[in-house]
Amino acid sequence: MVMAITSGEAQAEKVVIDHRLLMRIPDSLSFVDAAAVPEAFITAHDAIFTQAELREGQTLLLHAVGSGVGLAALQMAKAKGVFVVGTSRTADKVERCVEFGLDRGIVTSSGAVFADQVKDATGGRGVDVILDLVGGDYFPESLASLALKGRIILVGLTAGRKAEIDLGMTLQKRARVIGTVLRARPLEEKAEATRRFANDFLPLLTNGSINPVIDRTFPGSAAKKAYAYLASNANFGKVVLEF
């Protein structure tokens, strides 16, 4: 049995996929578990390890830490010995992330103001890498949260497409801002991202050291309800459709 990342339109009983995108489903995972792995884990792995070059002993800030991609990134980063700070608009989600290794949680329900807390958590230094799944008014605070030569990897824009930033701070910190998407990339690039993730972390999925986090499952016929539930921001982890 296999699992794979797709280019969208995978909400069906049968899907045709290129063999280079396939990974074997570990015996320890159910089909529901496996459905929650490829997009979240490959996206997170490619962003923080391949593109942002996160390494053992460094520091990571995760926005939307209780999301599917956020929880995948959190578990993989902790498995590599990374200090992780995470933000969420919901205090309960921050608290629940502690069991997955979160070192410091920040609740941003009162607005996107968190740079001082990030600096406090890192002894004033700031973080080496930021996985930004939010964008919008989080971006200026993210820039202020970076350490010297830090990297922001921008994956999502749930808070909006525009932000006003201090370009001088970008120069002073010698910061790198990296925008990325996975779904729209050429097949060869997605195959390489799949291979890198499988080599690094499929063994940890197999032995249970890291796991997909499933919030709820919905039957395929209730896809509209599933999307409405996602829009409510009530989910912690992945929502899966079963056919």
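Keep in mind it's a predicted model, so treat the numbers as computed, not measured.

Student: I'd like a rundown of the packing of helix H2 (residues 38-51) against helix H3 (residues 68-79), residues and numbers included.
Tutor: At a minimum axis distance of 8 Å, the contact between H2 and H3 shows a crossing angle of 60°. Here H3 runs oblique to H2, going by the angle between their axes. Crossing of H2 over H3 shows right-handed handedness. Touching Ala40, Phe41, Thr43, Ala44, His45, Ile48 and Phe49 of H2 are Gly68, Val69, Ala72, Ala73, Gln75, Met76 and Ala77, all from H3. Here the residues of the contact of H2 with H3 sort into 10 nonpolar, 4 polar and no charged.

Student: Which residues make up the pairing of strand E10 (residues 238-242), and what values go with them?
Tutor: Here strand E9 (residues 214-219) pairs with E10 via 5 bridges, running parallel. Across the sheet, the residue bridging to Arg216 is Val239, located in E10. As a crossover connection, the stretch from E9 through helix H9 (residues 223-231) into E10 is right-handed.

Student: How would you sum up H2? Please name residues and give values.
Tutor: For H2, a buried count of 11 out of 14 residues is recorded, marking the element as mostly surrounded by other parts of the structure. Along H2, the positions that sit buried rather than exposed are Pro38, Ala40, Phe41, Ile42, Thr43, Ala44, His45, Asp46, Ala47, Ile48 and Phe49.

Student: Before we move on, can you summarise the sheet that holds strand E4 (residues 83-88) with the specific residues and values?
Tutor: A sheet is described by the order of its strands in space; here 6 strands give the open sequence E5-E4-E3-E6-E7-E8, paired in parallel fashion. Either end of the sheet is taken by a strand with one partner, and the two such strands are strand E5 (104-107) and strand E8 (176-179). Each strand axis lies, on average, 15° off the axis of its neighbour in the sheet, ignoring direction. Here 4 bridges tie strand E3 (residues 59-62) to E4, and the two strands are oriented parallel to one another. What sits directly across from Leu62, in E4, is Gly86.

Cut-offs and rules
Residues numbered from 1 in each chain as written. Predicted model: local features only at pLDDT ≥ 70, side-chain atom pairs only at ≥ 80, totals over all residues. Heavy atoms only, no water. Axes fitted to C-alpha atoms, helices over the stretch in contact; angles between N-to-C directions. Helix = DSSP H or I, 4+ residues; strand = E, 2+ residues; numbered from the N terminus. Parallel < 35°, antiparallel > 145°, perpendicular 65-115°, else oblique. Left-handed = near helix turned anticlockwise from the far one by under 90°. Contact = heavy atoms within 4.5 Å. Nonpolar A, V, L, I, M, F, W, Y, C, P; charged D, E, K, R; others polar. Pairing = 2+ DSSP bridges. Right-handed = clockwise from strand over helix to strand, strands pointing away. Buried < 20%, exposed > 50% of the residue type's maximum accessible area, 1.4 Å probe, protein only.

Without other data, these values stay purely geometric and don't point to any function.
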